[in-house]
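# Close look at the chain arrangement
As a plain string of letters, each chain reads:
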Amino acid sequence: MYVEENLVFYNQRFETQSQLFDFIADELEEKNYVTEQFREAIKIREHNFPTGLQLQKLNVALVHTDVEYSKTEKLVIIKLEKPITFKNIETLKPLEVDFIIGLILKDSHKHLEVLQRVSRLLQNEDIIQEIRQASSHGELTILMQDYFNKKENEI
């Protein structure tokens, strides 16, 4: 199970990337899903390898770090109340991001599988529209669990 209800956050507000990363680290450390080094590692990784993606109808950041900082296989889903600035993965220019997917992966083999699922999600205009229209934590949670927690052959 990649998406847990307590790792889906709706209408969260952050002023900076650093605040966002501290929030994610606090949530994951509390659950013992990451190592103590995760907090700094995710900030360094984003600085060195930006993860902002500009889609037609939603700007997304796929934040992650190396598998050595993860203790489990989970996704953190955050729909922001107001966008925060990331760098575009392709152009390195500032990009206002509305939606965050945090990849917490300890198994490098599953890493590719999860990235493929995320990629398919980001290419699916119907799901992107549902994400944009989700009007509560419950709606967003169900949508993400339906997509990510099913076996590959069910999708």
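Structural data are supplied above this passage.
Everything in this summary refers to the structure shown in the same document. (Residues numbered from 1 in each chain as written. Predicted model: local features only at pLDDT ≥ 70, side-chain atom pairs only at ≥ 80, totals over all residues. Heavy atoms only, no water.)

Let us look at the packing of aromatic side chains. Considering all chains together, one arrives at four aromatic pairs under this definition. Here F9 and F23 contribute two aromatic rings whose centre-to-centre distance is 4.8 Å and whose plane-to-plane angle is 80 degrees, an arrangement assigned as edge-to-face. Here the residue F9 occupies a position in strand 1 (residues 3–12), and F23 occupies one in helix 1 (residues 17–30), the gap between them amounting to 14 residues. Summarising the burial analysis for this pair, F9 and F23 share the class buried. Judged by centre distance (5.2 Å) and plane angle (55 degrees), the ring pair of F14 and F23 falls under tilted. By relative accessible area, which is 6% here, F14 ends up buried. (Phe/Tyr/Trp six-rings, centres within 6.5 Å; stacked < 30°, edge-to-face > 60°. Helix = DSSP H or I, 4+ residues; strand = E, 2+ residues; numbered from the N terminus. Buried < 20%, exposed > 50% of the residue type's maximum accessible area, 1.4 Å probe, protein only.)

Moving on, we get to the sheet that holds strand 1. Ordered in space as 1-4-5-3-2, the five strands form an open sheet in which the pairing is mixed. Pairing within the sheet leaves two strands with one partner each, and these edge strands are strand 1 and strand 2 (52–54). Ignoring which end each strand starts from, the neighbouring axes of this sheet average 25 degrees apart. For strand 4 (residues 74–87) and strand 5 (residues 94–104), the ladder comprises 10 bridges, and the chain directions are antiparallel. Within strand 5, the residue paired with T85 across the bridge is E96. (Pairing = 2+ DSSP bridges. Axes fitted to C-alpha atoms, helices over the stretch in contact; angles between N-to-C directions.)

Our focus in this paragraph is the pairing of strand 5. Most of strand 5 is tucked away, with eight of its 11 residues classed as buried. Both strand 3 (residues 59–64) and strand 5 contribute to a ladder of five bridges, which runs parallel. Among the inter-strand pairings, L62 is bridged to a residue of strand 5, identified as I101.

With 12 residues, helix 5 (residues 137–148) extends 16 Å from end C-alpha to end C-alpha; this agrees with the ideal 16 Å at 1.5 Å per step. Regarding helix 5, the residues found buried are L140, T141, L143, M144, Y147 and F148. One face of helix 5 carries all of its buried residues, which in axial projection span an arc of 165 degrees. Those residues of helix 5 that are buried are in contact with strand 1, strand 4, strand 5, helix 3 (108–123) and helix 4 (125–133). (Expected span 1.5 Å × (residues − 1). Arc of directions from axis to C-beta. Contact = heavy atoms within 4.5 Å.)

Interaxial distance between helix 3 and helix 4 falls to 5 Å at its minimum, and their mutual angle equals 80 degrees. Taken together, the axes of helix 3 and helix 4 lie roughly perpendicular to each other. From helix 3, L121, L122 and Q123 reach across to helix 4, where they touch E125, I127, I128 and I131. Among the residues forming the contact of helix 3 with helix 4, the class breakdown is five nonpolar, one polar and one charged. (Parallel < 35°, antiparallel > 145°, perpendicular 65-115°, else oblique. Nonpolar A, V, L, I, M, F, W, Y, C, P; charged D, E, K, R; others polar.)

Treat this as a map of the structure, not an account of what it does.
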